[in-house]
Amino acid sequence: ERVGFAIVGLGRLSLEELLPAFAECKQARPVALVSGTPDKLKAVGAQYGIKPEALYSYADFDRIAENPEVKVVYIVLPNGLHHEYVLRAARAGKHVLCEKPMANTSAEAREMVAACRDARVKLMIAYRCQYEPYNRRATALLRDGGLGAARFMEASNTQVQGEVPQWRFSKALAGGGALPDIGLYCLNAARFYSGEEPVEVFARIHNTPDDPRYREVEESIAFMLRFPSGLMANCAASYGAHESKDMRVRLEKGWIDVENAFAYQGQSMRVATRDGKAEAIRELRLGQKNQFAAEIDHMAQCVLQDRVPRTPGEEGLQDQVIMEALYRSAETGAAVALPAVEGRDTTR
Ligand code: NAD
């Protein structure tokens, strides 16, 4: 029996990645759609074999409570709407999978965690890279200790973002610019690769002067994270630089480079170690797997087996807290200290 998902928001991610990915899922299927555009709702519903009575508008959304086929609601709306829809889904008694970034602020994220806890529903944040094989292998390699202590990470996520108008340039709808949209991948990877939480952060922001896209949100951000072990991560995210989505780890006895670590596909990985006097560089091939399908199936399994997701609401909340510290650092020009927090076991 497959777990039924309702997809809320039929934008690019839903149409181009998530709905097609269900074909590769083993334990999940789409059973309901929510959209503000009736024609699109009908056409997409027909394409994926959704029952006409399971097509909802945003105004209708709360009626999803009466649909027993829907076990999980997947929120794929602009960031600024995640809070409202996660609360409404929890009130309808449904488990929730929410796109990244979790919310606009840590205060919203805290309310989302509390609402799902009180409603006794699961909350998972869609950190797809934590379900992607190359990122998982790199994490395991780092954590098994064979390459010694990790000293540095370099993570970048850059792309050229297009023109106005779009919700990504609105502070109210996006919460911020390159940081929450794509820099978040660098931040989250530094945390889940290392299993540590940063104790100090530093950031700088640059916006091209007079560019209408960057009146409300940032174009480019460079930031540094310092972890308790001494590990330091240098991260860069921009809407104004050619696409690069790589993760590099420098350890005592080797290095790990994951190319396209944060991309939808095209990952590759090289690991260097010292082999006697010679440097040995191995290219690891793991085969491509649809990471969206892996992420959706994980949520389905958590529902079937009553388990806590690998990337629960608390994981999203912690990133929101750190992103706020990064903005504070960029504003003040000073490093910002964070309270020591126990890292999570992201290898399970
Ligand atoms: P999009 O603009 O393509 O789609 C957003 C949808 O929300 C549209 O269909 C739009 O009509 C609808 N919408 C409803 N109310 C709206 C409002 N008030 N204003 C604007 N649009 C409204 O965006 P997207 O790229 O599909 O992103 C959706 C979410 O998914 C975002 O949170 C984004 O960060 C996330 N995302 C995640 C990944 C990933 O790899 N995990 C990739 C892309 C986007």
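Computed from a predicted model, the values in this text were never measured in an experiment.

Quick notes on the environment of leucine 225
Right, on to step 1. Within the secondary structure layout, leucine 225 lies in strand S9 (residues 220-226).
Right, on to step 2. Accessibility expressed as a relative area gives 0% for leucine 225, which makes it buried.
Right, on to step 3. Linking leucine 225 and valine 8, residues 217 residues apart in sequence, is a C-alpha distance of 34 Å.
Right, on to step 4. Excluding residues within four positions of it along the chain, leucine 225 makes contact with Leu187, Ala190, Pro198, Glu200, Val201, Leu231, Met232, Ala233, Cys235, Ile322 and Leu326.

A look at the pairing of strand S4 (residues 72-75)
Right, on to step 1. Taking every second residue as pointing to the same face, both faces of S4 are buried, with Val72 and Tyr74 on one and Val73 and Ile75 on the other.
Right, on to step 2. Where strand S1 (residues 3-8) and S4 come together, four bridges link them in parallel fashion. Residue valine 8 lies in a different strand from S4, and its bridge partner there is isoleucine 75.
Right, on to step 3. For S4 and strand S5 (residues 95-98), the ladder comprises four bridges, and the chain directions are parallel. Bridge pairing links isoleucine 75 to cysteine 98 in S5.
Right, on to step 4. Regarding the hand of the β-α-β motif, the stretch spanning S4, helix H3 (residues 82-91) and S5 is right-handed.

Considering the packing of aromatic side chains
Right, on to step 1. A full pass over the atoms with the stated rule returns nine aromatic pairs.
Right, on to step 2. Ring geometry for phenylalanine 169 versus tyrosine 214: centroids 5.7 Å apart, planes at 90°, classification edge-to-face. Of this pair, phenylalanine 169 sits in the loop between strand S7 (150-160) and helix H6 (171-174) while tyrosine 214 is found in the loop between strand S8 (200-206) and S9, placing the two residues 45 residues apart along the sequence.
Right, on to step 3. Arranged with centres 6.1 Å apart and planes meeting at 90°, the rings of phenylalanine 169 and tyrosine 239 form a pair that is edge-to-face. Here phenylalanine 169, found in the loop between S7 and H6, pairs with tyrosine 239, found in the loop between strand S10 (232-238) and strand S11 (240-244); they are 70 residues apart in sequence, far enough to count as distant.
Right, on to step 4. Its guanidinium or amino end placed over the ring of tyrosine 327, lysine 171 lies 5.8 Å from that ring's centre, counting from NZ or CZ.

Some thoughts on the state of the cysteines
Right, on to step 1. Following the criterion strictly, the structure yields zero disulfides and no others.
Right, on to step 2. Free of any disulfide, cysteine 25 has its nearest cysteine sulfur in cysteine 302, 13 Å distant.
Right, on to step 3. In this structure cysteine 25 comes out as buried when scored by relative accessible area, which is 3%.
Right, on to step 4. Relative accessible area serves as the criterion here: at 0%, cysteine 302 is assigned to the buried category.

Definitions and limits used
Residues numbered from 1 in each chain as written. Predicted model: local features only at pLDDT ≥ 70, side-chain atom pairs only at ≥ 80, totals over all residues. Heavy atoms only, no water. Helix = DSSP H or I, 4+ residues; strand = E, 2+ residues; numbered from the N terminus. Buried < 20%, exposed > 50% of the residue type's maximum accessible area, 1.4 Å probe, protein only. Contact = heavy atoms within 4.5 Å. Pairing = 2+ DSSP bridges. Right-handed = clockwise from strand over helix to strand, strands pointing away. Phe/Tyr/Trp six-rings, centres within 6.5 Å; stacked < 30°, edge-to-face > 60°. Lys NZ or Arg CZ within 6 Å of the ring centre and 35° of its normal. Disulfide = S-S within 2.5 Å.

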